[in-house]
Amino acid sequence: MNNMLTSGQTPWLQIVLVILLASGAALVNYPLSSYRPTPENSVLRHQSIQSVDARLWQDPFAAIRSAESRSARTACEASTKDDCPADADIAWLSSLRSQYGDQHALTLGVMVSGGAAVGDNEARRRARYAVLSALQVQGYSPEDAERIGQVRIAPGTAPSSCSSVPASIPFEWLSQDNAVTAKKILLLWLDERAISETRFNGQQLAPANASLCIASLLAAISPERNALIGPASSSMLLQMLSDLKQPLTPVSPDDGTAQLPISQLAVYSPYATVAHDPSDPALHARGFAFHRNVSTDDVLAAVIFKELHLRRIGKDYGLSPQAQAGHIALISQWDTLYARRLQQSFEGDSQFQTHHFRFMRGLDGKLHDSKEPTRSDAASSRNGTPDPASIERPDGDAQTDYLRRISAELAQKDRLLRAECSLGNRILKQCGIRAIGILANDYYDKLLILQALRKQFTEAIFFTTDLEAAMLHPADNQHTRNLLVASSFGLGLPGIGGLSLQDGIAPFRDSYQTATFHATQLAVCKSLAMRDARCESLSNLNPSAQLYEIGLNQVIPLQTAAATAATDRQWPYYLGLLIGITLWWAYLIRFPVAISQGQASHLDGGYKARWQTIKPALLLIGSLAIVLLAARLIQLTHEPLYWLEGVSSWPSELLRMLALIVSLSCMLHLHQRIRANQALLHTHYFAEDAGWGELDDPRQYRVWQAWQHFRQASFGRVFRRACVHTTLLMFIGICLLLALGLPNTPVRGNSAYYFSNALYLISAGMVILLIFCVASYIASCVELIKELSQETRWPLRQLEKFQLPQGQEYRFDDWLEIRMIAELTTPLSMLVFYPIAPLMLLLASHSQLFDAWDFSPAFILLFAVAFGLVLLHAWWLRNAAERARQRAIDGLELQLLQLHGMHTLDNRQSLITQGNLIMSRIAAYRSGAFAPFSQQASVRAVLYVIGAVSGLKLAEYMTALNI
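Remember, predicted model here, so these are calculated numbers, not experimental data.

Some remarks on the state of the cysteines
Two cysteines form a disulfide when their sulfur atoms are joined by a covalent bond. Applying the stated rule across the entire model yields two disulfides. Here Cys525 pairs with Cys535 through a disulfide, and the sulfurs are 2.0 Å apart. Of note, the bridge from Cys525 to Cys535 carries an S-S torsion of about -70 degrees and is left-handed in sense. Separated by ten residues along the polypeptide, Cys525 in helix H18 (residues 511-527) and Cys535 in helix H19 (residues 533-540) bring together distant segments of the chain. Here Cys525 matches Cys535 in class, with each residue buried.

Structure, rendered in structure tokens:
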């Protein structure tokens, strides 16, 4: 492999770089394009129960408004038909509903926000998509998939219990496809804001009783079989609960619909996360049937707190004083009840010290009717490029300048906390802001906050609530990667007992859609008393807080169980076994040195043959043991196993394990290479028949003594010297770590934390040891070259072997020395590359393609110093070799000048010819240490490292930006 590495036949390093780039390109997603032509505006209007054009995925309120703006009712206003939608009101819809009978129909109200704020229309689209999908799974399909209906509530026609009602209520009918007597569902879209408003009747305020109003509206349409999906906000839920605790206002006898007991209305809540007391006697007295289909804020906060503990954040992980540890920042909205209650839920854990920063919803300043960018946006988007002089000016509707100042204030707080931090807490990475929570119900506000803070707080853990599919969008993912999200559901319902509750419906856009999908199916099951397997599974699927980490292409569910004491006691045992068996397996990859080098003469050929027979079985056993131990370690830790999602440390741990194996293998190969090269040189230049036993010149003895010293030192001396240097450098590295802090270790649980750091220290130490072994061997070669560069003489029989002149005055011994130096240093061009492969593996293990790793300044400096020493020794070797060559050429020129003046010498011309030929060959040497600078192994090694790092960063960049 190493011969191929530098021979140019198989450029393995270039192939690895190409694979890295290709893997980044393979992860790229491409946009989907539609070639549907734009539909024409000319349509034929129909007079039917549902007369407003609306596709199933449209916002029902937007469809109604759009139809009204186009005067869609003109054709119907001139009609006298009884089913004309222009005359549709509550009584008309109730009459239509009564025709199906209570046993065959269900009235299902869905509460949504009817406001025009940015995001309300998308929320209604998502709610309708989820509700219709759930009803389709239950076997109900729209009777008119192209249109939606509406009933109008004229002033004075609303139930008396309602102080305010929406002007119109969109509705749609659904029916079963395969039933003999088709059951139907009447779906009503209720504007939550219109129902909850307090009105002024000219004399006094009329506070809204939302609970009674909703029950009255549904009862006015259908006295029985009613269910409600909602409310759409936590504030509305609190208002409804507060209304239920108030005494009922007497109702006029002519308003029978208001007499409906609230106990007949079942409420399924997939949106409101505010906690309430389900044992409140006032609620039980009213028989309030409330089904929560989403986890409460305090439950979500508890899950995130456990995860932060699992990631070693909290006062328990800091040294004295513990007040320096466990600092987290909460950036939250203050203008919504949801965010205020959520913030309160995150203040209950004494392990954390919270720092609060607040903002208003809608940081981008966009309004529903805005068509032009605001002043700040217009200045910063001129010609599509940022204008540094006008970014985030403190004016206009956009609030991003407030966010910038929050970021600066948070950075200042972080610096102050780090300045006050003790050395022990700094070493344990417990200083400063350790986690940042974003508490808001607007996804685009969260995204802006992430854009402002992620690059500044690279080591902090960011967390939020409510899962969004947009977090995987390539434009957003560069900011949302590794974001922790606590949510009641994922983007789809899980399967239970082999039954798919999602039933082929595409994953949703957010977790609230999933909750709505679940709540709607559950409402149908309970309202119609269905007892099939699906309904049983839905009833057993209680909402529980789940934790997710945003990966590159998918949302990664995380286990929420805390590590047990038994797990913490077991992992060192398995880690030791894994490392031991790995080293043994790496040793078995090569034939044992003593046998392969023929040094164990007492081992006969039969033993060697038996060893070669059992070696594959031992390798297989070692491989299986490594796999089983690695699987056991994964079970003992809480770290997920994903390869290229950017959320798992296991790919990095595998690369570090490979670096350890490659380092050990290269170490063994270095030993073999040194001994093989020494044996070859000894055969060529120091054989017993070369006259080295009959030395009669001190200059000959200098050559023999230098060679014996170099040979006897061999690998043992190289290894001992490398161990001393490695120990010294590791000590310096530990001191740097103490001063600069440990590198960021993005793992979950103590087991994974200690395993990752232990493996990294071992693999890094082995790589540094390999680097120093190469450097130490190069230093030994330099010492030998320096000895040979002095005035030396070679035995006559050695000169005769190479057909060189054997006179006492005119000899060309220098050519032998240069040739020996070339043969000695030729293998060094490969040895310099030995540390490259494990070093590249260690560098790749820090890639953010695998997890949120960073490069510690201490380790960067450590490897830079170690690798710089190798390059320095390689430069030192080349200089020593060039000086030896120049000395040899100078000596030959001097002898040739003398020969030109010796006219009486018989073989004068042949000596001159041979001397010129030898001098030209010495000057033409291009192998080993005599290679040109651009072809030096040290130069190519530097280029390989730079190319590997650049290629890795390019792959990360291409993947992050979806290029």
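Back to the text.
Side note on the UniProt feature "transmembrane region" (unreviewed entry) in the protein chain
UniProt records the feature "transmembrane region" (unreviewed entry) at residues 12-32, 571-589, 617-634, 654-670, 718-740, 760-785, 828-846 and 858-877, using the numbering of this structure. Between the end C-alpha atoms of residues 654-670 there is a gap of 24 Å, over a span that is 100% helix and 0% strand. Annotated as 68% helix and 0% strand, the span residues 828-846 places its first and last C-alpha atoms 29 Å apart.

Some words on the packing of helix H5 (residues 90-98) against helix H8 (residues 210-221)
Running from amino to carboxyl end, H5 crosses H8 at an angle of 55 degrees, the nearest separation of the two axes being 7 Å. Between H5 and H8, the angle falls in the class oblique. From H5, Ile90, Leu93, Ser94 and Arg97 reach across to H8, where they touch Leu217, Ala220 and Ile221. Along the lines of polarity and charge, the residues of the contact of H5 with H8 split into five nonpolar, one polar and one charged.

Regarding the nonpolar core
In terms of nonpolar packing, the biggest core is built from 100 residues, with Tyr777, Trp794, Met820 and Phe863 touching the most fellow members. Ignoring any residue separated from it by four or fewer positions in sequence, one finds Phe863 in contact with Tyr760, Ala764, Val767, Ile768, Leu839, Leu842 and Gly868. Judged by nonpolar contacts, the second largest core, of 70 residues, contains Val112, Trp189, Ile313 and Ile505.

Examining unusual backbone geometry
Glycine aside, negative phi is the norm for most residues, and most peptide bonds take the trans geometry. Looking along the chain, the bond that leaves Gly230 and enters Pro231 is cis, with omega of -5 degrees. Residue Asn482 is not a glycine yet carries a positive backbone phi of 70 degrees. Here Asn482 is to be found in the loop between helix H17 (474-480) and strand S16 (484-487). The exposure class assigned to Asn482 is buried, which follows from its relative accessible area of 13%. Its identity as a non-glycine residue notwithstanding, Asp503 has a phi of 55 degrees, on the positive side.

Quick notes on the packing of aromatic side chains
Going through the model one piece at a time under the given rule, you end up with twelve aromatic pairs. Measuring from centroid to centroid gives 5.1 Å for Phe508 and Phe517, while their planes differ by 55 degrees, and the two rings are tilted. On the basis of relative accessible area, Phe508 is assigned to the buried category, the value being 3%. For the ring pair Phe710 and Tyr777, a centre distance of 6.1 Å and an interplane angle of 40 degrees mean the geometry is tilted. Of this pair, Phe710 sits in helix H24 (residues 698-740) while Tyr777 is found in helix H25 (residues 750-788), placing the two residues 67 residues apart along the sequence.

Points about the pattern of salt bridges
Applying the stated rule across the entire model yields 22 salt bridges. A salt bridge links Arg126 to Asp510, with the shortest nitrogen-to-oxygen separation between them at 2.7 Å. Highlighted residues: Arg126 in helix H6 (residues 120-137) and Asp510 in the loop between strand S18 (499-500) and H18, separated in sequence by 384 residues. For the pair shown, Arg126 and Asp510 are each scored as buried. Where Arg819 meets Glu823, a salt bridge forms, and the shortest distance between an N and an O atom there is 3.2 Å. Of this pair, Arg819 and Glu823 both sit in helix H27 (residues 813-825), four residues apart, roughly one helical turn.

A short note on a nonpolar patch on the surface
Among the surface-exposed residues, Leu641, Trp643, Leu644, Leu654 and Leu658 lie close enough to one another that they form a single nonpolar patch of about 440 Å² accessible area. Tracing the backbone shows Leu641 in the loop between helix H22 (605-636) and helix H23 (650-685).

Considerations on the confidence of the model for the protein chain
Averaged over all residues, the pLDDT of the protein chain is 76; the fraction at 70 or higher stands at 73%. Low pLDDT (under 50) marks residues 591-603, which in the prediction has 21 contacts with non-local residues, meaning those over four places away or in another chain.

Topic: the sheet that holds S16
Spatially, the seven strands line up as an open sheet ordered S13-S12-S14-S15-S16-S19-S20, and their pairing is mixed. Either end of the sheet is taken by a strand with one partner, and the two such strands are strand S13 (353-359) and strand S20 (555-558). Adjacent strand axes in the sheet meet at a mean angle of 25 degrees when their direction is disregarded. Looking at chain direction, S16 and strand S19 (residues 546-550) are connected through four bridges and run antiparallel. Paired with Val485 across the two strands is Tyr548, which belongs to S19. The strands touched by helix H11 (residues 297-310) are strand S12 (327-333), strand S14 (433-439), strand S15 (461-465), S16, S19 and S20; relative to S15, the strand with the most contacts, the crossing angle is about 165 degrees.

Criteria and cut-off values
Residues numbered from 1 in each chain as written. Predicted model: local features only at pLDDT ≥ 70, side-chain atom pairs only at ≥ 80, totals over all residues. Heavy atoms only, no water. Disulfide = S-S within 2.5 Å. Helix = DSSP H or I, 4+ residues; strand = E, 2+ residues; numbered from the N terminus. Buried < 20%, exposed > 50% of the residue type's maximum accessible area, 1.4 Å probe, protein only. UniProt positions renumbered as here; feature names shortened; annotations may be inferred. Axes fitted to C-alpha atoms, helices over the stretch in contact; angles between N-to-C directions. Parallel < 35°, antiparallel > 145°, perpendicular 65-115°, else oblique. Contact = heavy atoms within 4.5 Å. Nonpolar A, V, L, I, M, F, W, Y, C, P; charged D, E, K, R; others polar. Core = buried A, V, L, I, M, F, W, Y, C linked by side-chain atoms within 4.5 Å. Phe/Tyr/Trp six-rings, centres within 6.5 Å; stacked < 30°, edge-to-face > 60°. Salt bridge = Lys/Arg side-chain N within 4 Å of Asp/Glu carboxyl O. Patch = residues over 30% accessible without salt bridge, like charges linked within 9 Å, V, L, I, M, F, W, Y side chains within 5 Å. Areas by Shrake-Rupley, 256 points an atom, 1.4 Å probe, with all protein chains shown as cover. pLDDT = per-residue confidence, 0-100. Pairing = 2+ DSSP bridges.

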